[in-house]
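# Observations on the three-dimensional arrangement
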Amino acid sequence: MSERGPPPDTIVLGAGAAGLFHAGLAGQRGQRVLVLDHARRPADKVRISGGGRCNFTNLETRADRFLGENPHFAKSALARYTPWDFIGLMAAHGLTYSEKHKGQLFCDQKSGAIIQMLLDEADKGGVELRLSTGVDQVSHADGMFTVETAARRVSAARLVVATGGMSIPKMGATGLAYELARQFGHDVVPTRPGLVPFTFSGELGERFAAISGVATPVTASVPGARFEEDLLFTHRGLSGPAALQTSSYWREGAPLTLCLQTGDALGPALRAAKQASPRQGFAKALEAHFPARLAGLLAELGPIAPEARLADLSHAALDEFTAFLKSWQVTPMGTEGYRTAEVTVGGVSTDGLDQKTMESRHVPGLFFIGECVDVTGWLGGYNFQWAWASAHAAATA
Ligand code: FDA
């Protein structure tokens, strides 16, 4: 990065996905940019993302894949910087990708290559990056923002806040963006962990723990959202994409409804099994349709005695069981919280931001980008696409 030179035009707080990307774009547009981050390394969440291969975008990106109080807010930025723009940038750096599930794109050269690309772009823009630099205080007077760090005080006409959300505090996540938003007169939509496993207590928790590691396709729903994905039973409760996706919409005390039938084939199949092997036990018959340990659990929890023989079961009883599997309701005790959440739902209210530029409507020159804003994507590359798109919107302001 460039040596200490003349004072910056823009100070970016946070060298994560959004902050680094913004810095490169703004630098290449002629701004002198200084990036401050308290971490020792830049973009640590990019590093660990997508199992080390960074699910950097999703081809199905559109506004209805995001949560937030204003469902239209993200449209403008997402339309002006699309997944194809980021793919084009990667191609210019010789990076390639593979599509996995439902439009999710992963970098073939792994997450480190994406970080290097962001650093190279920042370098091209002459960006100065200062790591291990905590922010003590920010003030604003006469059109200038002054940021105080332990080492020095620095001022600029533009301040871009890109310090992310609260998830994974162990990796350096803080609520600085929300504090600054409030300081400058912005509302903050209450935050909660998103894309996070559910926890269960009591007997159900013990039963889930007993089949930990088992996965099965389900349709999971909570009020306002429904996802067809895999569900994973864990020592603490439920995880896997079905649980993570619904967790972002879940509110404490609400039940999670699980439909474990993939299509309507189970009812006829159980009736056929009754004809073919009437002496077979009910729990055993279920093993043709579910992993054995899950079949055992479902047989125990459903309305039919697991030891019943198929011959003893009426069609009405089998129908009752299949109905139970279509809407099995379980109520989580809670979630694993910010400790393991991939994102933070809520954040800096979009009411106070210009959707085209991400600039504050209250304080000219102040911008909020990335995860700290009340725009939260589904699992699958949407959150990085928001980081790129909101960073780009602010850079073109
Ligand atoms: P980000 O969190 O990336 O960066 C914020 C930066 O600000 C950090 O460098 C931090 O150190 C710094 N900072 C914070 N507080 C500060 C302070 N007080 N002073 C100075 N600096 C401060 N998304 C996706 O689309 N695809 C994926 O594959 C994944 N995978 C994934 C895995 C895991 C385990 C997690 C936790 C998250 C994901 N995500 C994801 C989500 C994605 O990582 C996230 O949405 C983006 O990184 C957000 O980018 P930001 O730049 O807004 O924040």
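Residues numbered from 1 in each chain as written. Predicted model: local features only at pLDDT ≥ 70, side-chain atom pairs only at ≥ 80, totals over all residues. Heavy atoms only, no water.

## Points about the overall build of the protein
Stated precisely, the cut-off is as follows: Helix and strand assignments follow DSSP, with helices taken as H or I runs no shorter than four residues and strands as E runs no shorter than two, numbered in order from the N terminus. Burial classes follow relative accessibility: with a 1.4 Å probe on protein chains only, a residue under 20% of its type's maximum area counts as buried, one over 50% as exposed, and anything between as partly exposed. In what follows, residue pairs with any heavy atoms lying within 4.5 Å of each other are defined as contacts. Per-residue and other accessible areas follow the Shrake-Rupley method at a 1.4 Å probe size, with only the shown protein chains counted as cover for residues.
Each helix and strand counted, the protein has 13 helices and 22 strands in total. Counting across all 397 residues of the protein, residues that qualify as buried make up 56%. For the protein, the share of sequence-separated contacts (at least 6 apart) that also reach a separation of at least 24 residues comes to 72%. Just so you have it, the protein exposes about 16700 Å², and 50% of that area is on carbon and sulfur atoms.

## Notes on the site of the ligand
The condition is simple: Any residue with a heavy atom lying within 4 Å of a molecule or strand is counted as near it. Side-chain atoms alone can form a polar contact between residues adjacent in sequence; in general such a contact is a pair of N or O atoms within 3.5 Å, and within protein one must be able to donate a hydrogen while the other accepts it.
The full set close to the ligand counts 28 residues, and Ala18, Asp37, Thr174, Glu371 and Phe384 are the nearest of them. Between the ligand and Asp37, the relevant distance is 2.5 Å, taken from an oxygen atom to a side-chain nitrogen or oxygen of the residue. Gly50 has a polar backbone atom sitting 3.2 Å from an oxygen atom of the ligand. Burial of the ligand by the protein chains amounts to 92% of its free accessible area of 990 Å². The set of elements that each furnish at least two residues to the shell around the ligand consists of helix H1 (17-28), helix H2 (44-48) and helix H13 (382-395). Examining the composition of the shell around the ligand, we find that 3 residues originate from one element, H13, more than from any other.

## Here we look at helix H6 (residues 176-183)
Taken residue by residue, H6 has Leu176, Ala177, Tyr178, Leu180 and Ala181 as its buried positions. Of the surrounding elements, those touching the buried residues of H6 are strand S1 (10-13), strand S8 (135-141), strand S11 (158-161), strand S12 (188-194), strand S20 (343-348) and strand S21 (366-368). Within two residues after H6, Gly185 carries a phi angle of roughly 85°, on the positive side.

## Observations concerning the domain arrangement of the protein
For clarity, the threshold we go by: Here the bounds of each domain stem from an automatic or database domain assignment. Throughout, the accessible surface (probe 1.4 Å) given up by two parts as they are put together, summed over both, is called the buried area. Any Lys or Arg side-chain nitrogen found within 4 Å of a carboxyl oxygen on Asp or Glu counts as a salt bridge. Any residue that is not Ala, Val, Leu, Ile, Met, Phe, Trp, Tyr, Cys, Pro, Asp, Glu, Lys or Arg is counted as polar, Gly included; the first ten are nonpolar and the last four charged.
When the domains of the protein are assigned, the result is domain 1 (10-191 + 345-395) and domain 2 (197-335). Centre-to-centre, using C-alpha coordinates, domain 1 lies 40 Å away from domain 2. Among the residues domain 1 hides against domain 2, the three largest losses belong to Leu67, Trp378 and Leu379. Together they make up 66% of the total. Across the contact surface, domain 1 and domain 2 share 1 salt bridge. When the shortest N-O distance is used, the salt bridge between Lys102 and Glu229 registers 3.4 Å. When its residues are assigned to classes, the side of domain 1 that touches domain 2 shows 4 nonpolar, 1 polar and 1 charged.

## Re the nonpolar core
Basically, it comes down to this: Here, nonpolar core refers to any group of buried Ala, Val, Leu, Ile, Met, Phe, Trp, Tyr and Cys residues whose side-chain atoms link them within 4.5 Å.
Residues Phe56, Phe86, Ile114, Leu238, Leu258, Phe282 and Trp386 are the most contacted members of the largest nonpolar core, which totals 126 residues. Element by element, the count of residues in this core is highest for H13, at 10 residues. Structurally, this core is a two-domain feature, drawing no fewer than three residues from each of domain 1 (10-191 + 345-395) and domain 2 (197-335). Residues contacting Ile114, with those up to four places away along its chain left out, are Val46, Cys54, Phe56, Phe86, Met90, Leu95 and Cys107.

## With respect to the sheet that holds strand S18 (residues 328-330)
Heads up, the condition is: At least two bridges found by DSSP between two strands is the condition for calling them paired. Here the axes come from fitting lines to C-alpha atoms, over the contacting stretch only for helices, and the angles between their N-to-C directions go from 0 to 180 degrees.
Sheet architecture is open: 7 strands sit in the order S18-S17-S14-S15-S16-S13-S19, paired in antiparallel fashion. One side of each edge strand has no neighbouring strand; the edge strands of this open sheet are S18 and strand S19 (334-335). Pairing analysis gives 3 bridges linking strand S17 (residues 256-259) to S18, with the strands arranged antiparallel. Across the sheet, residue Thr257 finds its bridge partner in S18, namely Gln329. Running over the sheet, helix H8 (residues 240-247) touches strand S13 (198-199), strand S14 (215-222), strand S15 (225-233), strand S16 (237-239) and S17 and is turned about 135° from S15. Strands in contact with helix H12 (residues 315-326) are S17 and S18; relative to S17, the strand with the most contacts, it is inclined by about 125°.

## A closer look at the side chain of His186
With respect to the element layout, His186 can be found in the loop between H6 and S12. According to the relative accessible area criterion, His186 is buried, its value standing at 4%. A distance of 2.8 Å separates a polar atom in the side chain of His186 from a polar atom in the side chain of Ser360. When neighbours within four sequence positions are excluded, His186 is seen to be in contact with Ala181, Val348, Gly352, Leu353, Ser360, Arg361, His362, Leu366 and Phe368.

## Details of the pairing of strand S10 (residues 153-156)
Here S10 shows a clear split, with Val154 and Ala156 buried on one side and none of Arg153 and Ser155 buried on the other. Direction of pairing for strand S9 (residues 144-149) relative to S10: antiparallel, over a ladder of 4 bridges. Note that in S10 the partner of Glu148 across the bridge is Arg153.

## Side note on the pattern of salt bridges
Scanning the entire structure with this criterion turns up 17 salt bridges. Across the pair Arg130 and Glu128 runs a salt bridge whose closest N-O atoms are separated by 2.9 Å. In this structure, Glu287 and Lys284 form a salt bridge, with 3.1 Å as the shortest nitrogen-oxygen distance. Glu287 sits in the partly exposed class, given a relative accessible area of 34%. Taken together, the salt bridges that share partners define one network made up of Glu60, Arg62, Asp64 and Arg65.

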